[in-house]
Amino acid sequence: DAGVIQSPRHEVTEMGQEVTLRCKPISGHNSLFWYRQTMMRGLELLIYFNNNVPIDDSGMPEDRFSAKMPNASFSTLKIQPSEPRDSAVYFCASSLQTGAFFGQGTRLTVV
Amino acid sequence: RKEVEQDPGPFNVPEGATVAFNCTYSNSASQSFFWYRQDCRKEPKLLMSVYSSGNEDGRFTAQLNRASQYISLLIRDSKLSDSATYLCVVRGGRSGGSNYKLTFGKGTLLTVNP
């Protein structure tokens, strides 16, 4: 099993640019989570899907953030326009009933 | 009250010591409980689930007290390789949609010294 796959691993972008983070969950898992981690705030849940349907997006900080899950094997998190305060590590995780398994994360730096 | 609250730490212990991590959660309808560990600049990894009857995996023992909404993790005979941040995780809630939600505590950093 390849595990949860995220891309890119690192992203450096200029303020105002659009950023798209990608995630391929573990095959057969029906829940997918997007988290953001910073030193100050720890791991914050942004949004999660169950069976490709967004269940709770109350953690999405602003309208600049959007997430989609067009099918069971792919999800995106988009930030448009990006700001320096969006700099963080973004994790995608998937699960089936129990604990979730994380991808290696995307380290985003907005300058 | 925060949804999941942990000892802020950090903990610095010598090799061979016993270390206890504590965690409380606010939602009494929570259904599943876990401990994760996260190494520096790595992703969180599932360490163990926590069952009502308590469970053990080698040097690690997890316990759950639903009445007190309290979870614990005990590490015996700590090793240098146990150095990491330990995260308490709670799953589920009252309404149907929140049954899937996984909420993390902020974590407690453990450093095991030689």
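Quantities reported herein were computed from a predicted structural model and do not represent experimental measurements.

Undergrad: Could you give an account of the sheet that holds strand E3 (residues 19-24) of chain A, with specific residues and numbers?
TA: What holds strands together in a sheet is hydrogen bonding between their backbones, with the strands either parallel or antiparallel. All names here are of chain A. Reading across the sheet, the 4 strands line up as E1-E3-E8-E7 and stay open at both edges, with antiparallel pairing between neighbours. Looking at the sheet topology across the chains shown, the edges are occupied by strand E1 (5-7) and strand E7 (65-71). Shown here is a sheet whose adjacent strand axes are inclined to one another by a mean of 15 degrees, direction ignored. Note that E7 and strand E8 (residues 74-79) share 5 bridges and pair antiparallel. For asparagine 71, the partnering residue across the bridge sits in E8 and is phenylalanine 74.

Undergrad: I'd like a description of the sheet that holds strand E1 (residues 4-6) of chain B, backed by residues and values.
TA: All names here are of chain B. Within the open sheet, the 5 strands sit side by side as E1-E3-E8-E7-E6. Their pairing is antiparallel. Strand pairing shows two members of the sheet lacking a second neighbour, E1 and strand E6 (55-57), which therefore form its edges. Direction aside, neighbouring strands of the sheet carry axes that sit 15 degrees apart on average. By the bridge criterion, 3 bridges tie E6 to strand E7 (residues 60-65) in an arrangement that is antiparallel.

Undergrad: An account of the nonpolar core is needed here, citing residue identities and associated values.
TA: A general tendency of soluble globular proteins is for nonpolar side chains to be buried together. In terms of nonpolar packing, the biggest core is built from 23 residues, with Phe21(B), Trp35(B), Ile71(B), Leu73(B) and Leu110(B) touching the most fellow members. Setting aside residues no more than four positions away along its own chain, Ile71(B) makes contact with Phe21(B), Asn22(B), Cys23(B), Tyr25(B), Phe33(B), Trp35(B), Val50(B), Gln63(B), Leu64(B), Cys88(B) and Val90(B). Formed by 20 residues, the second largest nonpolar core is a distinct cluster that contains Trp34(A), Leu46(A), Cys92(A) and Leu108(A).

Undergrad: Explain the side chain of Glu44(A) to me, using residue names and the numbers behind them.
TA: Residue and element names in this part refer to chain A. Note on placement: glutamate 44 falls in strand E5 (residues 42-50). Looking at glutamate 44, the relative accessible area reads 16%, which means it is buried. Side-chain polar atoms of glutamate 44 contact the side chain of arginine 41, separated by 2.8 Å. Among all residues touching glutamate 44, those that are not within four sequence positions of it are Trp34, Tyr35 and Arg36.

Undergrad: An account of the interface of chain A and chain B is requested, with residue identities and associated values reported.
TA: Contact with chain A, which involves 24 residues of that partner, is made by 16 residues of chain B. Where chain A touches chain B, the interface holds 0 salt bridges. Applying the counting criterion to the chain A and chain B interface returns 5 residue pairs in polar contact (both at pLDDT 80 or more). For the side of chain A that touches chain B, the secondary-structure elements that each account for two or more residues are strand E4 (31-38), E5, strand E6 (53-56), strand E9 (88-95) and strand E10 (101-102) of chain A. Per-element tally for the side of chain A that touches chain B: the top contributor is E5(A), with 5 residues. Taken together, the residues of the side of chain A that touches chain B break down into 11 nonpolar, 10 polar and 3 charged.

Undergrad: Residues and numbers for the layout of surface pockets, please.
TA: In this structure, the largest pocket spans a volume of roughly 780 Å³. Residue lining of the largest pocket: 32 residues in total, with Gln37(A), Met39(A), Gln38(B), Cys40(B) and Arg41(B) positioned closest to the centre. For the lining of the largest pocket, a count of residues per class yields 12 nonpolar, 13 polar and 7 charged. Lining of the second largest pocket is provided by 20 residues; of these, Leu43(A), Glu44(A), Leu45(A), Thr103(B) and Phe104(B) occupy positions nearest its centre. Within the residue set of the lining of the second largest pocket, elements represented by two or more residues are E4 and E5 of chain A together with strand E10 (102-104) of chain B.

Undergrad: Lay out the pairing of E7(B) with the relevant residues and their values.
TA: Linkage of E6(B) to E7(B), two consecutive antiparallel strands, is achieved through a turn of 2 residues, within which Gly58(B) is found at a positive phi near 65 degrees. Hairpin remark: E7(B) followed by strand E8 (residues 70-75) of chain B, antiparallel, with 4 residues in the connecting loop; positive phi at Gln69(B), about 55 degrees.

What counts as what
- Residues numbered from 1 in each chain as written.
- Chains lettered and ligands numbered in written order.
- Predicted model: local features only at pLDDT ≥ 70, side-chain atom pairs only at ≥ 80, totals over all residues.
- Heavy atoms only, no water.
- Pairing = 2+ DSSP bridges.
- Helix = DSSP H or I, 4+ residues; strand = E, 2+ residues; numbered from the N terminus.
- Axes fitted to C-alpha atoms, helices over the stretch in contact; angles between N-to-C directions.
- Core = buried A, V, L, I, M, F, W, Y, C linked by side-chain atoms within 4.5 Å.
- Buried < 20%, exposed > 50% of the residue type's maximum accessible area, 1.4 Å probe, protein only.
- Contact = heavy atoms within 4.5 Å.
- Polar contact = N/O pair within 3.5 Å; in protein donor to acceptor, adjacent residues only side chain to side chain.
- Salt bridge = Lys/Arg side-chain N within 4 Å of Asp/Glu carboxyl O.
- Nonpolar A, V, L, I, M, F, W, Y, C, P; charged D, E, K, R; others polar.
- 1 Å grid on protein atoms, 1.4 Å probe; cavity = no way out; pocket = protein on both sides within 12 Å on 5 of 7 lines; lining within 4 Å.
- Points joined across faces, edges and corners; volume = space filled by probe spheres on them.

Function cannot be read off these values alone, since they describe shape.
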